[in-house]
Amino acid sequence: MKFRKFDVLIVGTGISGIYAALNLDPKLNVLMLSKKELELCNSALAQGGVAAVMDSDNDDFELHIKDTLIAGQYKNNLDNVRILVEQGPRDVERLVEKYDVNFDRNEDGTLALTLEGGHSRRRIAHHKDTTGKEIETALIEQVEKLKNVTVINNSVLCRLEKDNEGFYADVVDENGHEYYCADYVIMATGGIGRVYNYTTNSAIATGDGIAIAYKLGAKIEHLSYVQFHPTAFADRKNQECFLISEAVRGEGAYLLNCNKERFMPEYEPERKELAPRDVVSKCIMEEQKKTGSDEFWLDISYKDADFIKNHFPMIYENVLEKGYDMTKEPIPIYPCQHYLMGGINVDGKGETNIERLYAAGECSHTGVHGKNRLASNSLLEALVFSRLIAEDINKKYTSGNISGDINEIEYNMPLPDGKPLSNKNEIQKEIRAIMQRSYFVYPDYPEAEKGLKRINELRAELENGKYEINTDYTETSSLADVAFIILTEILTDKNTERNA
């Protein structure tokens, strides 16, 4: 079986994947796999911005580090937090100077920095409320100019194997199965949101990269560190929830209960609505117990209407389509799954315990977020650590070229002769229901025990070799593996605490 040879394989085309490609040596042949189109990824959905110390007169590294540690409950990797914070401004500057990213500006031309929950200073560089899309679009324009980079849209990595010569990838695209090999692999596959009933993540966030790395022997760390964003638009008819950015609270919005009463000062007298996300979500759960209602509201209508429309144009238009004018009335919100702090464990250069396998962005675990991500640190992490990965590969690589004569390598990866997974919708729906019952804001240990037993049954069914390996199978199997790891961690942590 012939495998087409590349120097570097990047799986995923969000900001971390594309920024890695832009920082790789142009002598290297790079293959990028985009699960859908280049523009469809969690990065493009990011609203708030990039947190970095860009105003040294009013902010400093130690304050940013402190805010990150407080939000992460001091479960952070301090060395990597310092790398993130101290190197972050360099990458924000590069976005502007080299890649023409258009951040909002003050009248004097300086960056307009906003405030978000958990931050003690205004340090969020942003483009209205569509920062992720602005960065992603600018970087895509640049990567499409690179002659050494090949991008394949609508392509799903189904299997990955490794020997001393490199990595071997079985990819399903519009033409069926295609086979590629590479000396280095960068997983940049995003999050695991679709393991839950309700998520802010895009439809492609099924944890494929994490599951494939896990099967290959990569260490997965703290996959149960799931962040539930407190202010998703409460539209329970749709699985994909529209996020109401942290920045809305940063600019003064109040959280209200079912009686339209402000309640956060009762739970958090000092930080109020600007407490970190996990704290606010837990306060909402406590207020729900108190009132007996899951009806909650976010209200910024007391602010000037033009201010709201100018600062949050996308949010304003989206909630207006749902029948709410946020300049005149509160909008309904409720927590939902948003972000993953754990993932494929990596070192300070983004490399896993498997030599030459790297991970970047939400699928990785650098440890910078601890148990709860500080708002707008995610895009910063994607930028800083994907650049460090590229720099590490550039140093190690000695034989890359862009001659155009990409070699083919012989390798045996037989394709199992199986039947289509006809009930994938039912299996995925069951997995999501199990996760929603077992772990939403707070873990439910009895449900987690029952759920883990059923997840193990589903995994055994999926792994018996009787199903055709394709996109449906890969996503379903990945969701089952992700659920297994999360529930196992939750129950292990519970038993460890009990025996401590």
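Residues numbered from 1 in each chain as written. Predicted model: local features only at pLDDT ≥ 70, side-chain atom pairs only at ≥ 80, totals over all residues. Heavy atoms only, no water.

Details of the sheet that holds strand β12 (residues 254-256)
A sheet is described by the order of its strands in space; here 4 strands give the open sequence β11-β14-β13-β12, paired in antiparallel fashion. Looking at strand neighbours, the two that pair on one side only are β11 (226-233) and β12, the edges of this open sheet. With strand direction ignored, the average angle separating the axes of adjacent strands in the sheet is 45°. Relative to strand β14 (residues 331-340), strand β13 (residues 296-299) runs antiparallel, the two being bridged by 3 bridges. Bridge pairing links Phe296 to Ile333 in β14. (Pairing = 2+ DSSP bridges. Helix = DSSP H or I, 4+ residues; strand = E, 2+ residues; numbered from the N terminus. Axes fitted to C-alpha atoms, helices over the stretch in contact; angles between N-to-C directions.)

Some words on the nonpolar core
Met187 and Ile244 are the most contacted members of the largest nonpolar core, which totals 89 residues. Looking at which element gives the most residues to this core, the answer is helix α15 (residues 471-499), with 11 residues. Non-local contacts of Met187, meaning those with residues more than four positions away in its chain, are made with Val11, Leu157, Leu160, Gly209, Ile212, Ile344, Leu357, Tyr358, Ala359, Ala360 and Cys363. (Core = buried A, V, L, I, M, F, W, Y, C linked by side-chain atoms within 4.5 Å. Buried < 20%, exposed > 50% of the residue type's maximum accessible area, 1.4 Å probe, protein only. Contact = heavy atoms within 4.5 Å.)

Re the packing of helix α1 (residues 15-23) against helix α12 (residues 377-396)
Direction vectors running N to C along α1 and α12 enclose 35°, while the axes themselves pass 8 Å from each other. Here the hand of the crossing between α1 and α12 comes out right-handed. Between α1 and α12, the residues in contact are Ile15, Ser16, Tyr19, Ala20 and Asn23 and Leu379, Ala382, Leu383, Ser386, Arg387, Ala390 and Asn394, respectively. Tallied by class, the residues present in the contact of α1 with α12 amount to 7 nonpolar, 4 polar and 1 charged. (Left-handed = near helix turned anticlockwise from the far one by under 90°. Nonpolar A, V, L, I, M, F, W, Y, C, P; charged D, E, K, R; others polar.)

With respect to the sheet that holds strand β5 (residues 124-125)
Reading across the sheet, the 3 strands line up as β3-β5-β4 and stay open at both edges, with antiparallel pairing between neighbours. Two strands lie at the open edges of the sheet, namely β3 (50-51) and β4 (113-114), each paired on one side alone. As judged from the 2 bridges shared by β4 and β5, these two strands associate in the antiparallel manner. Residue pairing for β5: Thr114 is matched across the bridge by Ile124.

A closer look at the packing of aromatic side chains
Summed over the entire model, instances satisfying the criterion amount to 18 aromatic pairs. Taken together, the ring pairs in this structure connect Tyr196, Phe228, Phe263, Tyr267, Phe296, Tyr334, Tyr439 and Phe440 into an aromatic cluster. A cation over a ring is seen here: Lys162 above Phe167, with NZ or CZ 5.4 Å from the ring centre. Above the plane of the ring of Trp297 lies Lys260, whose end atom (NZ or CZ) is 4.3 Å from the centre. (Phe/Tyr/Trp six-rings, centres within 6.5 Å; stacked < 30°, edge-to-face > 60°. Lys NZ or Arg CZ within 6 Å of the ring centre and 35° of its normal.)

Here we look at the side chain of Asp67
One can find Asp67 in helix α3 (residues 61-71). When its relative accessible area of 6% is taken as the criterion, Asp67 is described as buried. Those residues in contact with Asp67, other than ones at most four positions away along the chain, are Gly118, His119, Ser120, Arg121, Arg123 and Leu374.

Regarding helix α14 (residues 445-462)
Across its 18 residues, α14 extends 25 Å between first and last C-alpha, which sits within 8% of the 26 Å expected from 1.5 Å per residue. For α14, the N-terminal capping position is held by Asp444, with its side-chain oxygen 3.2 Å away from the main-chain nitrogen of Glu447. (Expected span 1.5 Å × (residues − 1). Polar contact = N/O pair within 3.5 Å; in protein donor to acceptor, adjacent residues only side chain to side chain.)

Thoughts on the pattern of salt bridges
Scanning the model with the defined rule gives 36 salt bridges in all. In this structure, Arg123 and Asp59 form a salt bridge, with 2.8 Å as the shortest nitrogen-oxygen distance. Note that Arg123 is positioned in the loop between β4 and β5 and Asp59 in the loop between β3 and α3, a separation of 64 residues in sequence. Here the salt bridges do not stand alone but share partners, grouping Arg90, Asp91, Arg387 and Glu391 into one network. (Salt bridge = Lys/Arg side-chain N within 4 Å of Asp/Glu carboxyl O.)

Concerning the side chain of Asp59
Since its relative accessible area comes to 4%, Asp59 is described here as buried. Of the polar contacts made by the side chain of Asp59, one reaches the side chain of Arg123; its length is 2.8 Å. In this view, Asp59 contacts Val53, Arg121 and Arg123; residues no more than four positions away in its chain are not counted.

Let's talk about the environment of Pro26
Inspection of the secondary structure assignment puts Pro26 in the loop between α1 and β2 (30-33). Note: C-alpha distance between Pro26 and Gly451 (425 residues apart in sequence) is 48 Å.

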